[in-house]
Amino acid sequence: TKKIHIIVSHCKSDLHWISSFTRGFNVASIHVITKCGEPINAFLGMATIEVLPNVGRCDHTYAYYISKLLDQKVLKGEEKDSIVLFIKDYIREERLLKG
């Protein structure tokens, strides 16, 4: 089973949907990068929360993760068994994967 690493670019939206979005998947890590000074309104258990200055929108968030953190999460030799998913903090309910 592939390990899934989820990176969320957070600004203002509630992240309550993440638990249903990830249910049934082999989630190895969740990394939330928040930039707008707003609270994260959800219990994310295993998530790592990181605060960065509000520059560059979500593209900056993803580039930051790739350049600074990816090698710490997806270890050498595990690349073929890993999926890295970059998402924004807002996903409409009808777009969530249904089991």
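Residues numbered from 1 in each chain as written. Predicted model: local features only at pLDDT ≥ 70, side-chain atom pairs only at ≥ 80, totals over all residues. Heavy atoms only, no water.

1. Here we look at the pairing of strand 2 (residues 27–34)
Regular strands have side chains that alternate between both faces of the sheet.
Piece 1. Burial runs high along strand 2: 7 of the 8 residues are buried.
Piece 2. Sheet analysis places strand 1 (residues 3–10) next to strand 2, joined by 7 bridges and oriented parallel. Note on strand 2: the bridge partner recorded for Ser 9 is Ile 33.
Piece 3. Alignment of strand 2 against strand 3 (residues 48–51), held across 4 bridges, turns out to be parallel. Following the sheet pairing, Thr 34 is matched in strand 3 by Val 51. (Buried < 20%, exposed > 50% of the residue type's maximum accessible area, 1.4 Å probe, protein only. Helix = DSSP H or I, 4+ residues; strand = E, 2+ residues; numbered from the N terminus. Pairing = 2+ DSSP bridges.)

2. Some details on the packing of aromatic side chains
Piece 1. Evaluated as defined, the whole model comprises 3 aromatic pairs.
Piece 2. Aromatic pair Trp 17 and Phe 21: ring centres 5.5 Å apart, planes at 85°, arrangement edge-to-face.
Piece 3. The class for Trp 17 is buried, based on a relative accessible area of 3%.
Piece 4. With a centroid separation of 5.9 Å and an interplanar angle of 80°, the aromatic rings of Tyr 65 and Phe 86 are classed as edge-to-face. Of this pair, Tyr 65 sits in helix 2 (residues 57–68) while Phe 86 sits in strand 4 (residues 82–88); the two residues are 21 residues apart in sequence, bridging distant segments of the chain.
Piece 5. For Phe 86, a relative accessible area of 27% corresponds to the partly exposed category.
Piece 6. Taken together through their ring pairs, the aromatic side chains of Tyr 62, Tyr 65 and Phe 86 make up a single cluster. (Phe/Tyr/Trp six-rings, centres within 6.5 Å; stacked < 30°, edge-to-face > 60°.)

3. Quick word on the side chain of Ser 9
Piece 1. Counting through the fold element by element, Ser 9 comes out in strand 1.
Piece 2. A polar contact is formed between the side chain of Ser 9 and the side chain of Thr 61, at a distance of 3.3 Å.
Piece 3. For Ser 9, the contacting residues outside a window of four places in its chain are Ile 33, Cys 58, Thr 61, Tyr 62, Ile 87, Lys 88 and Asp 89. (Polar contact = N/O pair within 3.5 Å; in protein donor to acceptor, adjacent residues only side chain to side chain. Contact = heavy atoms within 4.5 Å.)

4. Regarding unusual backbone geometry
Piece 1. Backbone geometry at Arg 57 places phi at a positive 55°, although glycine is not the residue there.
Piece 2. Examined against the element boundaries, Arg 57 turns out to sit in helix 2.

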